[in-house]
Amino acid sequence: MDQIIVQILNGLDKGSAYALIALGLTLIFGTLGVVNFAHGALFMLGSFCAVILSRILSASHKVVDPDRTDFLGNPLEVDVFYVQDWFGEAAGAAIMEWAVPLAILFSIPVMIGVGFAMERGLIKHFYKRPHADQILVTFGLAIVLQEIIKYFFGANPIQTPAPDAFRGSLDFGVFLGYDPLTIMYPYWRLVYFFFSALIIAGVFAFLQFTTFGMVVRAGMADRETVGLLGIDIDKRFTFMFGLAAAVAGVAGVMYAPIVAPNYHMGMDFLVLSFVVVVVGGMGSLPGAVAAGFLLGILESFASMPTVVDVLPGINQIIIYLVAIVILLTRPRGLMGRKGVMED
Amino acid sequence: MSKSNFTRRGVIQTGAIAGAGLALPTYLRAENHTGFTNAPGDSEVTLGFNVPQTGPYADEGADELRAYELAVEHLNGGGDGGMLGTFSSQVLDGTGILGREVKYVTGDTQTKSDAARASARSMIEKDGAIMITGGSSSGVAVAVQALCQEAGVIFMAGLTHSNDTTGKDRKANGFRHFFNSYMSGAALAPVLAAQYGEDRKAYHLTADYNWGYTTEEAIRASTEAMGWETVNSVKTPLTQTDFSSYIAPVLNSGADILVLNHYGGNMVNSLTNAVQFGLREAQANGKNFEIVVPLFSRLMARGAGENIKGIFGSTNWHWSLQDEGSQAFVRSFGTKYGFPPSQAAHTCYVQTLLYADAVTRAGSFAPCAVAEALEGFEFDGLGNGKTLYRAEDHQCFKDVLVVRGKENPESEFDLLEVVEVTPVDQVIYEPDHPQMGGADASLGECNNGA
């Protein structure tokens with residue numbers, strides 16, 4: 001039983017990441033009708049926002065320490081951080097330590113900007129082109145983005161730790177009456193889950209309770225009629241692309257302490273996120289979120305040693321198996337709408 | 001009125017025959033006469049450096065390439081000569097190889113066997129490379145080694161740690177300086193037993209490919225011989241980035257040691273996850289829970305950050321070694337590039353020098369003559385102390401370093417500390433050892449190609 005609880009918890013944070021990426025994918029598909037294969041790269045760029053801000057905050061100048069030597073025997077040049085020069089040692093250290101949470105604020109304008117640039121600069125030229133063209137161009141864009149990141153940051157993962165206050169694990173089992181150290185769950189993953197829930201709720205609230213959101217929803221349902229009413233729906237959809245990019249970006253920022261950012265992480269998530277979107281139902285926002293959590297938890301269960309012992313390799317195919325079963329029984333996915341991608 | 005006997009057809013026929021006749025000696029000299037593939041001319045010789053320039057091991061590939069360029073510079077008489085001055089065999093004099101200036105071409109393995117074979121083939125067939133070296137993955141090394149065997153060129157392996165490279169997949173044209181999984185196990189086990197005790201229960205997470213299997217097998221065999229028990233071993237997909245599902249069950253498995261048979265990004269992420277799940281602070285079976293990483297690399301250690309502190313592993317070489325050879329290499333490399341070399345850079349540099357030395361001692365570029373010069377060759381001064389290139393399997397035998405993540409690093413390069421230099425006698429094995437393919441493993445016949 002304790003293992004089942006552990007895997008549900010594990011599935012929640014993985015599912016959170018899937019849900020956030022799939023939510024952005026669905027927003028873009030639902031509004032602009034574009035199948036955006038560069039969305040995983042946006043998640044990766046978000047992660048690297050954490051790396052970049054961390055490096056900016058750790059900017060330093062060199063001071064020669066005559067008492068110590070470097071690996072060549074020359075006097076050692078020690079890094080002195082500007083933030084510690086400016087704000088004092090303790091405050092400077094705290095600012096550097098909190099780089100990841102601060103990167104959320106940093107990433108939102110950056111990612112909205114990246115989203116606008118992508119949409120206005122490239123993707124808008126492909127609105128009237130077949131989905132295959134859109135997939136090819138966005139996939140190509142994803143490869144370009146990841147190669148740019150690799151050029152500047154290298155191929156190895158870059159450790160981007162959470163603040164000290166969130167390191168370590170919560171003894172979750174104790175709350176449920178288990179012995180200490182039976183069910184451990186890292187604090188940061190817990191933070192990630194609640195953060196994702198907040199973002200998802202925020203996006204839904206924005207679409208549900210604001211006039212802007214209402215127009216966007218109307219546009220998703222019938223773009224032509226909304227246009228005939230004199231509303232510039234294209235401008236709103238461009239904003240939605242920026243919003244989707246920002247959602248992917250903050251999802252990436254917060255994921256940086258869980259999996260060390262590397263240039264390829266977007267691709268790792270992209271394929272699974274598309275499966276999530278298809279299982280949830282193309283164009284359905286609640287479907288994307290529900291499928292994200294469902295598949296995240298199923299993937300965790302399939303990775304349990306006891307399951308893998310009985311069905312070797314199941315951990316690598318479970319998501320696709322579930323996708324096949326759901327698409328056979330419910331061809332439009334869990335919450336898919338009639339008419340989406342069926343023309 | 002005179003009539004010419006020349007016809008258009010006649011001129012073409014005569015020209016073709018004359019051309020073929022003139023070209024024949026060149027053809028014979030290049031191939032049949034010398035009797036081996038890509039015999040070099042009188043002024044230049046081309047080496048092929050096949051490293052991952054893209055893909056997950058691109059950083060290691062870049063460091064390997066730096067080392068190769070440095071080796072070429074030293075062989076051609078440039079720079080400060082690096083290890084040429086400390087190498088026990090003093091036949092290299094900075095005039096290239098057998099008087100020919102050393103040139104090189106590079107290929108990108110992409111850490112994929114098929115891409116690595118294609119780039120190696122291109123360097124051999126199009127660029128005339130006489131020797132192929134490099135790689136940062138055992139799968140790639142085994143594949144390229146087999147290709148070089150067929151093509152009739154020497155393969156000097158770069159960073160490859162799987163037993164199979166000089167075990168069941170050994171080849172007469174292939175040579176490895178880097179250590180292997182068996183040696184890691186043999187060196188690590190006594191240190192681990194001394195540090196953590198002999199009554200320990202280990203849980204293995206193993207990368208699901210060739211290197212992972214041989215490393216798990218080696219570590220299990222060595223630690224079980226010391227009294228440890230293996231409670232479980234789980235294979236993890238090579239593409240896995242979040243290992244939480246694999247790490248979470250470890251605490252309740254009855255194990256008190258986690259062995260991460262992971263390398264590269266896998267190692268960085270699995271170790272990070274293990275630390276996040278509180279394994280470093282946990283207690284199990286009344287003991288402190290411990291983590292072991294059999295193969296450490298400084299480049300990877302940098303990625304793991306603080307998480308590697310206090311964790312034991314093994315490595316082929318480390319820049320902090322104080323012997324003359326290591327210091328000469330670190331000085332050359334550090335002066336040229338501004339940071340110390342990695343173990344991947346070291347093994348690639350050394351392999352290039354060893355090849356050049358063997359050619360010089362053999363007085364020939366013919367692969368079988370070079371192989372003969374390398375077989376049973378004993379040398380010193382290249383950073384690992386006295387070393388033997390064993391004739392039976394083309395594996396180098398030398399001391400192995402047991403290292404630990406440093407608690408208080410003084411610089412961004414100062415991540416590992418050497419805790420023990422395990423003597424070669426403790427890590428040597430019989431050529432027909434079961435982990436090395438048993439009695440069936442054979443080098444086969446040397447191939448000169450052409």
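Note that the structure is predicted; figures quoted are calculated from it, not measured. (Residues numbered from 1 in each chain as written. Chains lettered and ligands numbered in written order. Predicted model: local features only at pLDDT ≥ 70, side-chain atom pairs only at ≥ 80, totals over all residues.)

**Student:** So, the overall build of chain B: which residues are in play, and what are the values?
**Tutor:** Along its length, chain B carries 13 helices and 17 strands. On C-alpha atoms alone, chain B measures out to a radius of gyration of 25 Å, which is about the 22 Å that the 2.2 N^0.38 rule sets for 450 residues. Principal-axis analysis of the C-alpha atoms places the extent of chain B at approximately 115 × 40 × 40 Å. Counted over contacts in chain B with a minimum sequence separation of 6, partners at least 24 positions apart contribute 72%. (Helix = DSSP H or I, 4+ residues; strand = E, 2+ residues; numbered from the N terminus. Rg over C-alpha atoms; globule rule 2.2 N^0.38 Å. Contact = placed C-beta atoms within 7 Å.)

**Student:** Go over the sheet that holds strand β6 (residues 201–207) of chain B, please, and point to the residues and values.
**Tutor:** Residue and element names in this part refer to chain B. Judged by pairing direction, the sheet is mixed, and its 7 strands sit side by side in the order β7-β6-β8-β11-β12-β16-β17 without closing on themselves. Two strands lie at the open edges of the sheet, namely β7 (229–236) and β17 (416–422), each paired on one side alone. For this sheet the average axis-to-axis angle between neighbouring strands, irrespective of direction, equals 25°. As defined by bridge partners, strand β8 (residues 257–261) adjoins strand β11 (residues 290–295) across 3 bridges and the pair is classed as parallel. Directly across from Leu258, in β11, lies its bridge partner Ile291. Across the sheet, helix α5 (residues 181–196) is in contact with β8, β11, β12 (312–315), β16 (400–405) and β17; its angle to β12 comes to roughly 150°. (Pairing = 2+ DSSP bridges. Axes fitted to C-alpha atoms, helices over the stretch in contact; angles between N-to-C directions.)

**Student:** Which residues make up unusual backbone geometry, and what values do they have?
**Tutor:** Residue and element names in this part refer to chain B. Notably, Asn285 is not glycine yet its phi reads approximately 55°, a positive angle. For Asn285, the location among the structural elements is in the loop between β9 (283–284) and β10 (287–288). A positive phi angle, near 60°, is found at His394, a position not held by glycine. Mapping His394 onto the fold places it in the loop between β14 (387–389) and β15 (396–397).

**Student:** Quick one: what's the story with the nonpolar core, residue by residue and with numbers?
**Tutor:** Judged by nonpolar contacts, the single largest core of 229 residues is most densely connected at Leu23 and Val247 of chain A together with Leu258 of chain B. No fewer than three residues from each of domain 1 (44–179 + 319–393) and domain 2 (182–315) of chain B sit in this core. Sequence-distant contacts of Val247 of chain A, that is, excluding residues within four places in its chain, are made with Leu20, Leu23, Gly24, Ile199 and Val203 of chain A. (Core = buried A, V, L, I, M, F, W, Y, C linked by C-beta atoms within 7 Å. Buried ≥ 20, exposed ≤ 12 C-beta atoms within 10 Å, placed from the backbone. Domains from an automatic or database assignment.)

**Student:** Which residues make up the UniProt feature "domain: Leucine-binding protein" (unreviewed entry) in chain B, and what are the values?
**Tutor:** Sequence positions flagged by UniProt for "domain: Leucine-binding protein" (unreviewed entry) are, in local numbering, residues 44–406 of chain B. For residues 44–406 of chain B, the end-to-end C-alpha separation is 45 Å, with 39% helix and 21% strand making up the annotated structure. (UniProt positions renumbered as here; feature names shortened; annotations may be inferred.)

**Student:** Describe in detail helix α11 (residues 343–362) of chain B, supporting the description with residues and values.
**Tutor:** All names here are of chain B. Its 20 residues place the ends of α11 28 Å apart at the C-alpha level, agreeing with the 28 Å of an ideal helix rising 1.5 Å per residue. By the criterion of burial, α11 is predominantly enclosed, with 18 of the 20 residues buried. Backbone geometry just downstream of α11 places Gly363 in the positive-phi region, at approximately 70°. (Expected span 1.5 Å × (residues − 1).)

**Student:** Tell me about the UniProt feature "transmembrane region" (unreviewed entry) in chain A, and name the residues and values.
**Tutor:** Residues and elements named next belong to chain A. According to UniProt, the positions carrying the feature "transmembrane region" (unreviewed entry) are residues 17–35, 42–61, 98–123, 190–216, 237–258, 270–298 and 310–329. With 80% helix and 10% strand, residues 42–61 has end C-alpha atoms that lie 32 Å from one another. Counting secondary structure, residues 270–298 comes out at 86% helix and 0% strand; the distance between its end C-alpha atoms is 18 Å.

**Student:** Tell me about the environment of Phe87 of chain B, and please be specific about residues and values.
**Tutor:** Residues and elements named next belong to chain B. Residue placement: Phe87 occurs in the loop between α2 (58–75) and β2 (101–108). Remark: the alpha-carbon pair of Phe87 and Phe296, spanning 209 residues in sequence, is separated by 26 Å. Among all residues touching Phe87, those that are not within four sequence positions of it are Leu92, Leu353, Phe379, Gly381 and Leu382.

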